[in-house]
Each structure stands twice: as C-alpha cells, then as structure tokens.
Amino acid sequence: MADEDMNAKTPNADASEIKRAKVEAVNKAEERSLYAPRKKIHPQRAKGKFRTIKWFMMLFTLGIYYIAPWIRWDRGEGMPDQAILIDIVGRRFYFFFIEIWPQEVYYVTGLMIMGGIALFLVTSTAGRMWCGYSCPQTIWTDLFLVVERFFEGERNARLRLDKAPWTFDKIRKRVMKHTVWVIIALMTGGAWIFYFADAPTLFMQLMTNTASFDAYLWMGLLATFTYVFGGLAREQVCTYMCPWPRIQAVMMDEETLAVMYRHDRGEPRGPHKKNETWDGRGDCVQCRQCIVVCPMGIDIRDGMQLECIQCSLCIDACNGIMNKIGRPEGLIAYDSLKNFERRKEGKENVFRIIRPRTIIYSIILAVVGFIMLFALLNRSLLDVNILRDRNPLYVQLSSGDIRNGYTIKIMNKSTSTQKYSVTFSGIENYNLRADGINEYDDNGNPIVTVERDKLRSLKFFVSAPVTNVVDSSMDVTFKIKELESGAEDIQSTTFKGPR
Amino acid sequence: MSEDKKEIDEISGVDTTGHEWDGIKELNNPMPRWWVYTFYVTVIWGVIYMFLYPSIPLINDYYKGYFGKTLRDGVHEELAQVKQERSQYSDRMATMAIEDIKNDGSLNTFAMEAGRAAFGDNCAPCHGTGAQGFVGYPNLNDDEWIWGGTLDDIEYTINYGIRGIHDDTRFNDMPAYLRDELLTKAEINEVATYVESLSNGSIASSAEGQQIFVDNCAMCHGEDGKGMRELGAPNLTDAITLYVTDRDSIVDIVSYSRGGVMPTWNGRLDDATIKSLAIYVHSLGGGE
C-alpha cells in the first residue's frame, strides 16, 4: 500500500525505500473556495526537535492557564486572597502585589502596547512564531489532536475510519473522542471564569450547582468556542477568521527567518532509486511527508503562504527523511529570502537577527516597559480628582461674597483607613467648607476620613469676598495631604467670578 | 431569452441569465447558499414572530398575539421591579424625620440621588438645572432663604408651595401702594431711594423716605429692612435680590407688588421624593 506510515522500520534506509504518500495539499490557493465544503486534514504526528519544543510550550502555557487562578496571595483581612483576580463587581484588578483601580487602566493599555510590539519584534525576527508555538488556537488544536490520535489512531487509521461505515466500533471511538473534547472544553471555559471570582469558592459552587447564571453562561460560551475552534474548525480559524496572517507580511523583510523549502537545493525533485547518483537532481525525493504532517494542509514547497503558521513540523518530518537517505538536514528549514540570493551568488548563509527593524522594535519595547515599571514603582496610594461645578459657575452670597463649588474625590488605595487634610490657596481671605464634614484641623482646614480601598466623593465650597476675586477666572490649588504618611497630591483648578 | 441553450460569457466563463440591456449581459452568479438559507430563516422567523406578538390591524381592534402582550409590557414590569427594589429605602423614608434621613449614611446617599433626579424632572424648569434660579425664581445655591432654609423649612415649602392651592401653603401679599392708592407717586419715589440705599450705602436717601418705610414697610420687612421669615418678607439689605434692583424696578414693585407662585407638590410627589428633594436642595450650599 503506497499510503503507508513513513517513519518506517530501517533506520538507514536507502532513498528508494522511501515510499511516497498519496497526498495533495488541501490549502492550495486554487483549492480554496468560500463555497466548497472543507476538506478534512489528518495531520500525522511529527518527531523531532521542533515537535519537542511545541510539547514543552503546550505544557508551559496550559499549565499557566489552568494553575494561575489557584495561586493564593495574602492581602489582609477582608481582601481577596487570589493572586490574579479581575474583580468586576468591586472594580479592581489584582495581580500579585499590584492592585489596579479603574482609573489606572492605562497599565492595561501599556501591556497591550507591549504585547503588540513584542509580536512585531518576534514576527520581524522569525516570522509567525507566535502562531506556531503559543497561539491558543494552535495549543488547543494540538491538544485536541492528541485526543483524536489516542482514540482513532494515526493518520492512516483515521483516514480509514472516516471512510468506514458506521459500525459500533466507529461510533464508540467517535463518542469517546467527542466526550473528552467536551470535557477539555468545559475545563477551559471553567478555568477562564476562575480569573473573575474566588477560585475555590466558585469551584465548590460549580460542584454543588449553586454558581451564578453568569458563571455558567461564560463557562458555556468559552467551552463552546473551545470545542468548535479547537476540535471542529481548527485550521479554518487561522485561514478564514484570523486577521493576523493578512497583516503579518508588513512586519517581515528579506532577512526575516521563516520556515522555507530550499528549492535551490531540492529541485528538480523526483523519486530516487537505489545506487542512483544525486548529481544533477535535487534532494527532494517527493515523499510528501511535509504535507502529511502539516496541520494547515499546505505544501511548503509551494513557497510562503498565508495559511502557514510556521509550526516547523514539516522541518521535523523532512529532517527525518533526509537522515534516512543520508542527505544533510535542512532541506526545509528556517531561512531568509536573502539567503536564497546569497547562495545563488555562491555565498554563505547569513542569519541577521540584529537589523534596524528589530533594533527599533526592541528599543520601543524597552522604553514602554521601563515607563510601565517606573509608573508602577512610583504609584501613589492616594489619588485625587477635582471637578469644579459648572452649573452655576459661581454663586453670590447674601454678604456679596463669591462662592465656587468643587466635587473632590479622594481615593484611598492603601490598606488602612486614612485621614486627609484639604487646604486651599490662591485667593486671600477665603472660606473653605465641606458638606457633611465636621472635623477641622487647627488652621480650620477640613479633615476627611476615607476607609481603606475606598473612594469618597465630597462637595467643597470656597467663598471669598468679591473684592478679592480680581479676575473672572483665577488659578487656585487644592492640596490633599495624608496625615499619617505625609503623602500629598496638589491639584490646580480655577475659581470663577463675575466681571 | 431561451430556456434550452446556455450562453457562456467568453471572458469570465460564466453562463449568462439571458437578460440583456444595451448590449450588456447579466452573468449568472447566484448568491452563496448560506446567504440564501439565512434569508429563508429570517422569513420563517418573521412569520413566527407575527403570530407571537401583536401584528395585524383589525377593524375595531388589533390581533393581540399568542403571548397576549407586547415588549412594552416588559419595560413596565422592569420599572415596577425597580420601584419594588427602591421601596426598601423609600418606605422607610416616608415615615422618618428628615433630619434622621440626612444622618443615615445609605439613606442620605439614596436621597441625594433620588433628589437630583426628581429636581431635574420637576424643579429645573423654573429654578434651572443647576438650581441657579432666574429673575423671580430664587437661586437655591445661595444662602438667602425668604421662607427659611432648614431641612424642615425646605420640606414644608416643597410640600405646600408658595401661594399654592393647598390650605397650608405659604402665603403673603405685598400691597400695591400706587394701584391701591396707599402712597402717592412722589412718596413711592422717596421710599424707593431709601430701599435702594439699604443695600447700597453710597446712595443718599431722605429722612422722609425712611419715615415712609417705617410707616408702611417695616411691619413686614422690619425697621432695619432685614426682612421677616415668618411672613416671607425678603431681606432688603443683602446683596441678593429676587427681582432686578435698579431703581425703576423697585418703584415698579412698590407700586404694583410682585409675587411668584410655587406649586403645591403634596399629592403630586410622594413623601419620600419630597424629602429627597429637600435633602438635595439643602446640600446645594445654602442649607441652614
């Protein structure tokens, strides 16, 4: 049978014993149609160093994803003890020692910028490494394939099973496969919601069927998408839904590393017979192993294609064959377009990782990272927001004095209740008063008490004799000082008056 | 157009529908199937929806739908539910003294927000969205209160109004000294100069004007012109006026009298809302 397992018996077989797989690339441009039904891809498992790296990446990323919400972090009485928690109701984001308030979402913006630049950097250096090794779509598809292989066997067995009639055995295999898929999908959705609530509590609620509707809804949604994307749609997600393949080209140049078939070495391709010379022909023996292992269903020998997620499994497959037929590895390898020209001119391969493009991306990444780190380390536990009343702009009192109203929001981000003194400056003979505050210091400035991790919004009234209001808009300042630590926040605003 | 022979377009290789306009022929590129199926599903859904909800106009009535209700009913249900949820606050507020509400943290927060909303709906047309007032409509931010500015005073004013329809409404009536022939034009001019001097010391007034004021105005506005809250007589000496303060306006007011009307809100708004309004107005900066 021509369609036999290729990673065959004898370790140092002659090239003539390499049998050719009967396979055509599914995702050729001319094969691709929006209306044609999808052709199922049955990738064969590759063996090699890139496959090992991918196993490791899968363990690593899935490990973080599933374990992270269970890490505890002591924040004291009455505070959540989960290391990573997105508290939607309490409007806080906890990440180990960092607690982010809604006013500080710019940290998230910073992280997104860093994520974007890092993606640019990786892409300009080594193509779509993100896609091939760490994209959730790749990871979960890989995981689902492990399950499929476990129940249905390797590629050829799966092909046979697809064509086979619906016997009890086939139904049993299919049911088992889908059951495990659904379990994995539910665990994926389940792990996601643990990031948004106390994980042990929510887990018990899920077990006793007492969790909130939202928890089930999100778990169900994410489970559905995991099952559909990872189990059923697979490469369709990358080819038709993901925007990244379409825009990655702008980040790549001729020095960018990418998984490539070295056609200058491989062509002309063709079957090779025992004792035949390798002169005057290429190293490609037309075994089609690169197509067989490809999870995207493409033929890498057709050149760079948008479907290619650069997972390097074709490198592993081809290297295995090259070893068997006694030719050097690297017929398919990470290579740059420039190297094709270099080889044509008889020069050595050069891998230029450090280029203006990668240097600029690295600098931007470092700068944003340092700004983020600096902002985080110098983060104040006191945050003040002052809004001057605009309706009315000012009020004339019966004594003729002019009064302005200000809404001052004091955010106490520390872990204990704090007292703050509020002082005003900018106008002579002012009178400062706060609605609902009866505590004043020796100089007559209001003292505001704010509980820990709370925001307090207060209305302040500043009045001054009309003779001191020399301009229709005067620059004034409020100083909010934390009495215990002396931390202060000085904010300028304006005082409006007539004339 | 003939049914039996297909005409193939040379350039695209697609057959034509046979339709031709000015030498341009229509290619037969049918819509994608999924699109057509989606369209059929929406049509079926539309028919189902028509039977579920009110849809067909009849001669004197309309078809009420299988559910017998409209989506608007859902809005009413939700509003009733919101009211129900709020009742835990509003029921308590209705029976509590307003001072106690002000001192109760959560009730005060609720009252402030409810008051702010109710003010926008009911009070803003006259007093302004910022309660800044207009000529003839008092500014509620300042510290002058014609009828008093304590929580209870404000609550009473909102409840019964000023010159309103309720028996307990706040009421006063300034005589129209010229129209009622109580003073002559010359006397009114004298007293107007005196009134103007009360709040603006740089204006000289005559002893005669002061005497006229003591004889006619002091019984309500006080000998020193500082007003009298029990009667709702405004303070004439401070920097705030309800109507314009130029001399002609003062002459006009003394001659013909002025006085606005504030509606009686008792019966139009519930007790909890009126208390919320009083607390909100009290907090604007002039509360006593």
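Nothing here was measured: the structure is a model prediction, and the numbers come from that model. (Residues numbered from 1 in each chain as written. Chains lettered and ligands numbered in written order. Predicted model: local features only at pLDDT ≥ 70, side-chain atom pairs only at ≥ 80, totals over all residues. Heavy atoms only, no water.)

## Some words on the overall build of chain A
For step 1, the next point in the chain: Scanning chain A for helices and strands turns up 15 helices and 14 strands.
For step 2, the next point in the chain: Whereas a compact globule of 499 residues would reach a radius of gyration of roughly 23 Å, chain A reaches 33 Å, over 25% beyond that.
For step 3, the next point in the chain: Taken along the three principal axes of its C-alpha coordinates, chain A extends 110 × 65 × 40 Å.
For step 4, the next point in the chain: Taking contacts inside chain A between residues at least 6 apart in sequence as the whole, the part at least 24 apart equals 70%.
For step 5, the next point in the chain: Entry remark: accessible area of chain A is about 26,000 Å², with carbon and sulfur atoms responsible for 62%.
For step 6, the next point in the chain: Positive and negative side-chain charges in chain A, numbering 65 and 56 respectively, have mean positions lying 7 Å apart. (Helix = DSSP H or I, 4+ residues; strand = E, 2+ residues; numbered from the N terminus. Rg over C-alpha atoms; globule rule 2.2 N^0.38 Å. Contact = heavy atoms within 4.5 Å. Areas by Shrake-Rupley, 256 points an atom, 1.4 Å probe, with all protein chains shown as cover. Lys, Arg positive; Asp, Glu negative; His and termini not counted. Charge placed at Lys NZ, Arg CZ, Asp CG, Glu CD.)

## Topic: the overall build of chain B
For step 1, the next point in the chain: Assigned secondary structure in chain B consists of ten helices and two strands.
For step 2, the next point in the chain: Its helices and strands taken in sequence order, chain B reads β-β-α-α-α-α-α-α-α-α-α-α from the N to the C terminus.
For step 3, the next point in the chain: Here the C-alpha atoms of chain B give a radius of gyration of 35 Å, more than 25% beyond the 19 Å that 2.2 N^0.38 yields for 288 residues.
For step 4, the next point in the chain: Overall, chain B is about 115 × 55 × 45 Å in size when its C-alpha atoms are taken along their principal axes.
For step 5, the next point in the chain: For chain B, buried positions account for 34% of its 288 residues.
For step 6, the next point in the chain: Considering only contacts in chain B between residues 6 or more positions apart, those separated by 24 or more positions represent 51%.
For step 7, the next point in the chain: Split by element, the accessible area of chain B, about 18,100 Å² in all, is 55% carbon and sulfur.
For step 8, the next point in the chain: The averaged location of the 46 negative side-chain charges in chain B is 6 Å from the averaged location of its 22 positive side-chain charges. (Buried < 20%, exposed > 50% of the residue type's maximum accessible area, 1.4 Å probe, protein only.)

## A short note on the sheet that holds strand S11 (residues 447-450) of chain A
Residue and element names in this part refer to chain A.
For step 1, the next point in the chain: Pairing within the open sheet is antiparallel, and its four strands lie in the order S11-S9-S13-S14. Whereas interior strands pair on both sides, the edge strands pair on one side only; in this sheet they are S11 and strand S14 (488-496). With direction set aside, neighbouring strand axes in the sheet form an average angle of 30 degrees.
For step 2, the next point in the chain: Of the pairings in the sheet, the one linking strand S13 (residues 473-482) to S14 comprises nine bridges and is antiparallel in character. What sits directly across from threonine 477, in S14, is serine 492. (Pairing = 2+ DSSP bridges. Axes fitted to C-alpha atoms, helices over the stretch in contact; angles between N-to-C directions.)

## Quick look at the packing of helix H2 (residues 71-95) of chain B against helix H4 (residues 105-127) of chain B
Residues and elements named next belong to chain B.
For step 1, the next point in the chain: In the contact formed by H2 and H4, the axes pass within 11 Å of each other and the chain directions differ by 100 degrees. By the angle between their axes, H2 is roughly perpendicular relative to H4. Touching Arg86, Tyr89, Ser90, Arg92 and Met93 of H2 are Ser106, Leu107, Phe110 and Ala111, all from H4.
For step 2, the next point in the chain: Its residues placed into classes, the contact of H2 with H4 shows five nonpolar, two polar and two charged. (Parallel < 35°, antiparallel > 145°, perpendicular 65-115°, else oblique. Nonpolar A, V, L, I, M, F, W, Y, C, P; charged D, E, K, R; others polar.)

## Some remarks on the side chain of arginine 403 of chain A
For step 1, the next point in the chain: Here arginine 403 of chain A shows up in strand S8 (residues 402-412).
For step 2, the next point in the chain: Despite its burial, arginine 403 of chain A pairs with no opposite charge; the closest candidate is aspartate 143 of chain B, at 6.4 Å N-O.
For step 3, the next point in the chain: A distance of 2.7 Å separates a polar side-chain atom of arginine 403 of chain A from the backbone oxygen of glycine 285 of chain B. (Salt bridge = Lys/Arg side-chain N within 4 Å of Asp/Glu carboxyl O. Polar contact = N/O pair within 3.5 Å; in protein donor to acceptor, adjacent residues only side chain to side chain.)

## Some words on the packing of aromatic side chains
For step 1, the next point in the chain: Applying the stated rule across the entire model yields 33 aromatic pairs over all chains.
For step 2, the next point in the chain: Arranged with centres 5.1 Å apart and planes meeting at 75 degrees, the rings of tyrosine 65 of chain A and tyrosine 66 of chain A form a pair that is edge-to-face.
For step 3, the next point in the chain: Look at tyrosine 66 of chain A and you get partly exposed, because its relative accessible area is 22%.
For step 4, the next point in the chain: Ring plane angle 55 degrees and centroid distance 5.3 Å describe the contact between tyrosine 194 of chain B and phenylalanine 213 of chain B, whose orientation is recorded as tilted. Pair noted here: tyrosine 194 of chain B is in helix H6 (residues 185-199) and phenylalanine 213 of chain B is in helix H7 (residues 207-216), with a separation of 19 residues, a long-range link. The same class applies to tyrosine 194 of chain B as to phenylalanine 213 of chain B, namely buried. (Phe/Tyr/Trp six-rings, centres within 6.5 Å; stacked < 30°, edge-to-face > 60°.)

## A closer look at the interface of chain B and chain A
For step 1, the next point in the chain: If you look at the interface, chain B gives 17 residues, while chain A gives 14 residues.
For step 2, the next point in the chain: Between chain B and chain A lies a buried interface of about 1,100 Å² when both sides are counted; carbon and sulfur atoms form 49% of it.
For step 3, the next point in the chain: Considering only the surface of chain B that becomes buried against chain A, Asp143, Ala239 and Gly285 of chain B emerge as the three largest contributors, covering 31% of it.
For step 4, the next point in the chain: At the junction of chain B with chain A, the criterion picks out zero salt bridges.
For step 5, the next point in the chain: Counting the contacts that link chain B with chain A gives six residue pairs in polar contact (both at pLDDT 80 or more).
For step 6, the next point in the chain: Grouping the amino acids of the side of chain B that touches chain A by side-chain chemistry returns five nonpolar, eight polar and four charged. (Buried area = accessible area lost by both parts, 1.4 Å probe.)

## Focus on the sheet that holds strand S1 (residues 84-87) of chain A
Residues and elements named next belong to chain A.
For step 1, the next point in the chain: Taken together, three strands build an open sheet; the order of strands is S1-S2-S3 and the sheet is antiparallel. Lying at the two open borders of the sheet, with one neighbouring strand each, are S1 and strand S3 (98-100). Each strand of the sheet is rotated relative to its neighbour by a mean of 10 degrees, with strand direction disregarded.
For step 2, the next point in the chain: Bridging between strand S2 (residues 92-95) and S3 involves three bridges; their strand directions are antiparallel. Within S3, the residue paired with phenylalanine 93 across the bridge is isoleucine 100.

## Quick look at the side chain of serine 463 of chain A
For step 1, the next point in the chain: Along the chain, serine 463 of chain A falls in strand S12 (residues 454-464).
For step 2, the next point in the chain: In this structure serine 463 of chain A comes out as buried when scored by relative accessible area, which is 10%.

## Here's the deal with the confidence of the model for chain B
For step 1, the next point in the chain: With 98% of its residues at a pLDDT of 70 or more, chain B has an overall mean of 90.
For step 2, the next point in the chain: Per-element mean pLDDT across chain B ranges from 86 in strand S1 (residues 16-21) of chain B up to 95 in helix H5 (residues 151-160) of chain B. (pLDDT = per-residue confidence, 0-100.)

## Overview of the environment of arginine 163 of chain B
Residues and elements named next belong to chain B.
For step 1, the next point in the chain: Topologically, arginine 163 is positioned in the loop between H5 and H6.
For step 2, the next point in the chain: Given a relative accessible area of 23%, arginine 163 falls into the partly exposed group.
For step 3, the next point in the chain: With 97 residues separating them in the primary sequence, arginine 163 and glycine 260 have C-alpha atoms 7.6 Å apart.
For step 4, the next point in the chain: Not counting chain neighbours up to four residues away, the residues in contact with arginine 163 comprise Thr169, Arg170, Phe171, Asn172, Gly259, Gly260 and Val261.
For step 5, the next point in the chain: Here the side chain of arginine 163 touches asparagine 172 through a polar contact of 2.3 Å, side chain to side chain.

## Notes on the environment of leucine 387 of chain A
Residue and element names in this part refer to chain A.
For step 1, the next point in the chain: Looking at the element boundaries, leucine 387 is found in strand S6 (residues 382-388).
For step 2, the next point in the chain: For leucine 387, a relative accessible area of 46% puts it in the partly exposed group.
For step 3, the next point in the chain: Between the C-alpha atoms of leucine 387 and isoleucine 427, which are 40 residues apart in sequence, the distance is 18 Å.
For step 4, the next point in the chain: Beyond its immediate stretch of four places on either side in the chain, leucine 387 contacts Gly405, Tyr406 and Thr407.

## Section: the pattern of salt bridges
Residue and element names in this part refer to chain A.
For step 1, the next point in the chain: Taken as a whole, this structure holds 42 salt bridges over all chains when the rule is applied.
For step 2, the next point in the chain: In this structure, glutamate 152 and lysine 177 form a salt bridge, with 3.3 Å as the shortest nitrogen-oxygen distance. With glutamate 152 in helix H4 (residues 136-152) and lysine 177 in helix H6 (residues 168-194), this residue pair connects regions lying 25 residues apart in the sequence.
For step 3, the next point in the chain: Take glutamate 152: its relative accessible area is 3%, and that puts it in the buried class.
For step 4, the next point in the chain: Across the salt bridge formed by arginine 352 and glutamate 255, the nearest N and O atoms sit 3.6 Å from each other. Here glutamate 255 lies in the loop between helix H10 (244-247) and strand S4 (258-261) and arginine 352 lies in the loop between helix H14 (337-344) and helix H15 (356-377), a separation of 97 residues in the sequence.

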